[in-house]
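# Survey of secondary and tertiary structure
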Amino acid sequence: MASMDVPADLPKSRAEARPTAPPTITWVTLALMTTASVASLRAAPTMAVYGLACVFLYLVPAIVFLLPTALVSAELASGWSGGVYRWVAEGLSKPLGFLAVWCQFAMTIFYYPSLLAFVASTIAFVIDPSLASNGVYTAIVIMVLYWTGVWVSSRGTKALAGLSSWGLIIGTLVPGTILVVLGMVFLGQGNPSAAPMDADHLLPQWTGLASLVLIVNNFLSYSGMEMNAVHVSSLKNPAKEYPKSMFLAMGLVLLIFILPALAISWVVPADQLSLTAGVMQAFDAFFSYFDVGWMTPIAAVMLISASLGGMLTWLAGPSKGLLEISRSEGYLPPFLQKLNKFGIQQNILVTQGVVTSVIALGYALIPNVSSVYWIFSTITTQVYLIVYLLMFVAAMRLRKLRPDHPRGYRAPALGLICSVGLLASLAAMFIGFVPPSQFGSGSVWSYILIVGGGLVILGLLIPWAFLKLRKPSWRTAEAAATDEGDTA
């Protein structure tokens, strides 16, 4: 995520200040970095429900959302350093820039409970598989792991930096490959697939709008492409190499998403699939079939280590970006701007932890763990979509208002690309209010109120309140002194 704020009135961006800097990465390296920041096995069970149709459900958002996001963020990053706050502040306004960076941070409030619910269900397969559907157990694990993560992050541990790359290998590539290979051998031995694999099932069955609801979760699965767009200026020939890098990354991400989802659908019937424990259900079924049940705990540890590593690397990132912008512009009260002796924004992490703990109680209060998991994942997606809506609009305005501003990369047909991304994001936000079949027999209006309430309160009302209550004294003395110096 973008985490550095650069004042909008600077005459030249960082990218402009070093146009002749030698390239430091190849387009293949950038593709692998992007794959590591986007790909995960956690979402596989949600698509495995659709069997062969998951290919279609992954390809559609890749074309209408993943690709526009990658190309647009590349142009913005090559012309304006400072990430999404700078892009939106320059293209629209500073308050909307704050809204964008706030939503980047706020989405993690619901992201962590859904991520740790996946961890809880994975741990359950080592201890007692029946616990995977126990809401009280899930809530306890979420709170214990989150607060442990806060304690570790508040120490400023430098070793966390490499966890994301190791997480891709240990918790995604290796178990994902094992899952797919076992699935292919399973089918190769003449065993029938639990989900039909014929041409008649290439498209999801149309049973109304709810039949396509799971596609919304894939928008969040693809989010994060804008993180690595900042490296576009490090390529030798950005105009040619960046699109190649993104197409390679998209292909790798699709393989990592689609093949494990198919493998799960081969062995676990859709009506028995848990959205949180689906990956471990598949491993357990395959290992039992091949008489290597002792490998189930090993697979669980690999998935757990990757998820926890991902949580720790995400925990301080978005909150640090929000902190730095708030200290220079005065968007948050002084209490939330304070740093501990390690230079970590501990008060933000603790405040976020209190809210996360309250949200985690939803797992204990709502009987169906899969329903809670889906609701939280949807709220996360809805809040994050606000960032992309603002980004696409800002990109179009910047191309119109500042066409001659130096850019290291110019996206082709930017207006068309932004329009496609914008419409796709709006459609995803609308579909997110339709409860999926996994929601069970719950009230449709309850689902809409929960998701809508989460979106409005977390994504709109809270940042509006901060802007409304904002005071000049909330700015740090350093920021105020810098402005006085510039004026003088």
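Up top is the structure.
This report concerns the structure included in the present document. Position numbers for residues start from 1 in each chain and track the written sequence from start to end. Local features in a predicted model are, by the rule used here, given only for residues with pLDDT of at least 70; side-chain atom pairs are given and counted only at 80 or more, and totals for whole chains, interfaces and linings are based on all residues. Computation of side-chain values covers all heavy atoms of the structure but excludes hydrogens and water.

## Quick word on the overall build of the protein
- Under the scheme used here, helices are H or I runs from DSSP no shorter than 4 residues and strands are E runs no shorter than 2 residues, and both carry numbers assigned from the N terminus. Per the secondary structure count, the protein includes 18 helices and zero strands.
- Each residue gets one of three labels from its accessible area relative to the maximum for its type: buried under 20%, exposed over 50%, partly exposed in between, using a 1.4 Å probe on protein chains only. Considering the protein as a whole, with its 488 residues, one finds that 56% of them fall into the buried category.
- Throughout, a contact is declared for two residues whenever any of their heavy atoms are within 4.5 Å. A separation of at least 24 residues holds for 82% of the contacts in the protein among residues at least 6 apart in sequence.
- Residue exposure ignores everything except the shown protein chains as possible cover, and the areas themselves are Shrake-Rupley values with a 1.4 Å probe. Carbon and sulfur atoms make up 68% of the accessible area of the protein, which amounts to about 20000 Å² in all.

## Digging into the environment of Ala194
- Along the chain, Ala194 turns up in the loop between helix H8 (163-188) and helix H9 (215-221).
- By relative accessible area, Ala194 is classed as partly exposed at 38%.
- In this structure the C-alpha to C-alpha distance between Ala194 and Val268, which are 74 residues apart in sequence, comes to 6.1 Å.
- Ignoring sequence-local partners within four residues, the contact set of Ala194 consists of Ser265, Trp266, Val267, Val268 and Pro269.

## A word on the packing of aromatic side chains
- Between rings of Phe, Tyr and Trp, where Trp is taken as its six-membered ring, a pair exists when centres lie within 6.5 Å; planes separated by under 30 degrees are stacked, by over 60 edge-to-face, and by other angles tilted. Counted according to the given criterion, the structure contains 14 aromatic pairs.
- Between the aromatic rings of Tyr112 and Tyr146, the centroid separation amounts to 5.6 Å while the plane-to-plane angle is 50°, which identifies the pairing as tilted. Of this pair, Tyr112 sits in helix H6 (residues 94-127) while Tyr146 is found in helix H7 (residues 135-153), placing the two residues 34 residues apart along the sequence. Here Tyr112 and Tyr146 have matching classes, each one buried.
- Among the aromatic side chains, those forming a connected cluster through ring pairs are Tyr85, Phe98, Trp102, Phe105, Tyr331 and Phe466.

## Some thoughts on the packing of helix H4 (residues 54-79) against helix H10 (residues 238-267)
- The convention used is that axes are lines fitted to C-alpha atoms, helices contributing only their stretch in contact, and that angles between N-to-C directions extend from 0 to 180 degrees. Close contact between H4 and H10 brings their axes to 10 Å; oriented N to C, the two are set at 155°. If you check the angle between H4 and H10, you find them roughly antiparallel. Where H4 crosses over H10, the handedness of that crossing is right-handed. Contact residues: Cys54, Val55, Tyr58, Leu59, Ala62, Leu66, Leu67, Ala70, Leu71, Ser73 and Ala74 in H4; Tyr242, Met246, Phe247, Met250, Leu254, Phe257, Ile258, Ala261 and Leu262 in H10.
- Lys, Arg, Asp and Glu make up the charged group, whereas Ala, Val, Leu, Ile, Met, Phe, Trp, Tyr, Cys and Pro make up the nonpolar group; the residues left over, Gly among them, are polar. Class assignment of the residues belonging to the contact of H4 with H10 gives a composition of 19 nonpolar, one polar and no charged. Note on angle classes: values under 35 degrees are labelled roughly parallel, values over 145 roughly antiparallel, values of 65 to 115 roughly perpendicular, and the remainder oblique. Less than a right angle of anticlockwise turn of the near helix away from the far helix marks a crossing as left-handed, whereas a clockwise turn marks it as right-handed.

## Here we look at the packing of H7 against helix H14 (residues 346-365)
- In contact at an axis separation of 7 Å, H7 and H14 are set at 170° when each is read in the N-to-C sense. On the basis of their axis angle, the class for H7 and H14 is roughly antiparallel. Taken as a pair, H7 and H14 cross one another with a handedness that is right-handed. Contacts between H7 and H14 involve Gly135, Val136, Thr138, Ala139, Ile142, Met143, Tyr146, Trp147, Val150 and Ser153 from the former and Leu349, Val350, Gln352, Gly353, Val354, Thr356, Ser357, Ala360, Leu361, Tyr363 and Ala364 from the latter.
- Taken together, the residues of the contact of H7 with H14 sort by class into 14 nonpolar, seven polar and no charged.

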